[in-house]
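Overview (structure and organization)
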Amino acid sequence: MYDELTEVDIQKMQQEIDHRILELRPRYIKEVQEARAFGDLSENFEYKEAKRQKNRNESRIRYLQRMIKTARVVKTDHAAGKVGLFDYVTLYLPEDEEEMEVHLVTTLRVDASGGHISRESPLGRAIFGRAVGDTVTVRVSDEVSYPVTIRAIRPGTDDESLPISGY
């Protein structure tokens, strides 16, 4: 399986990897060595915490490297008048009689509470490639679905200020 990511996503992940390898790794190794010098490791909280931080850093490095290795790089250009990656889409939800705006992003930059939804989410899949005026059904599961109508599309760009998700 692969994740659909942009060149900016790849660059941001590589920057984080570099930071973790060049800056954080040496610091965590030093902290482990210093904590080990405190003595009895079975009751040494500082040592256990230093090891935990070091292992968490190594895990994040492996995760990001695997993401880069398995990523499928996608382009952000799309047909005019159609919902595409990084566009801002105003949706009307007839069941609630309200509008909402979502920003369609890659899985690496999702922040649902901030309105940034993944193109691979049920809502993202339903509206991607659609036009203003289209009503689509968002299928959350076999039992749950709801209609939305696309009211407006505001073109967006691959905004480098959007942070990549942690875990």
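The structure reproduced in this document is the subject of the present report. All residue numbers refer to positions counted from 1 along the written sequence of the respective chain. Given that the model is predicted, a residue must reach a pLDDT of at least 70 before its local features are reported, and side-chain atom pairs must reach 80 or more before they are shown or counted; all residues, however, enter totals for whole chains, interfaces and linings. Side-chain measures here rest on the full set of heavy atoms in the structure, leaving out hydrogens and waters.

1. Here we look at the pattern of salt bridges
Oppositely charged side chains can pair when the atoms bearing their charge come close. Between Lys or Arg on one side and Asp or Glu on the other, a salt bridge is scored when a side-chain nitrogen of the former is within 4 Å of a carboxyl oxygen of the latter. Evaluation of the coordinates by the stated rule reveals eleven salt bridges. One salt bridge connects Glu99 with Arg151, and the closest N-O pair in it is separated by 2.7 Å. On the criterion of sequence distance, the pair formed by Glu99 in strand S4 (residues 98-105) and Arg151 in strand S7 (residues 145-154) is long-range, its members being 52 residues apart. Across the pair Arg154 and Glu101 runs a salt bridge, and its minimum N-O distance is 3.4 Å. Residue Arg154 is located in strand S7, and its partner Glu101 is located in strand S4; the two are separated by 53 residues in the primary sequence. When salt bridges that share partners are traced, they join Glu4, Arg72 and Arg119 into one network. Counting from the N terminus, the helices are DSSP H or I runs at least four residues long and the strands are E runs at least two residues long.

2. Some details on the packing of aromatic side chains
To pair, rings of Phe, Tyr and Trp, with the six-membered ring standing in for Trp, must have centres within 6.5 Å; the planes then decide the type, stacked if under 30 degrees apart, edge-to-face if over 60, and tilted in the middle. Going through the model one piece at a time under the given rule, you end up with zero aromatic pairs. Two limits define a charge over a ring: the Lys NZ or Arg CZ must be within 6 Å of the ring centre, and within 35 degrees of the ring normal. Its guanidinium or amino end placed over the ring of Phe128, Arg119 lies 4.2 Å from that ring's centre, counting from NZ or CZ. Lying over the aromatic face of Tyr88, Arg154 brings its terminal NZ or CZ to 4.2 Å of the ring centre.

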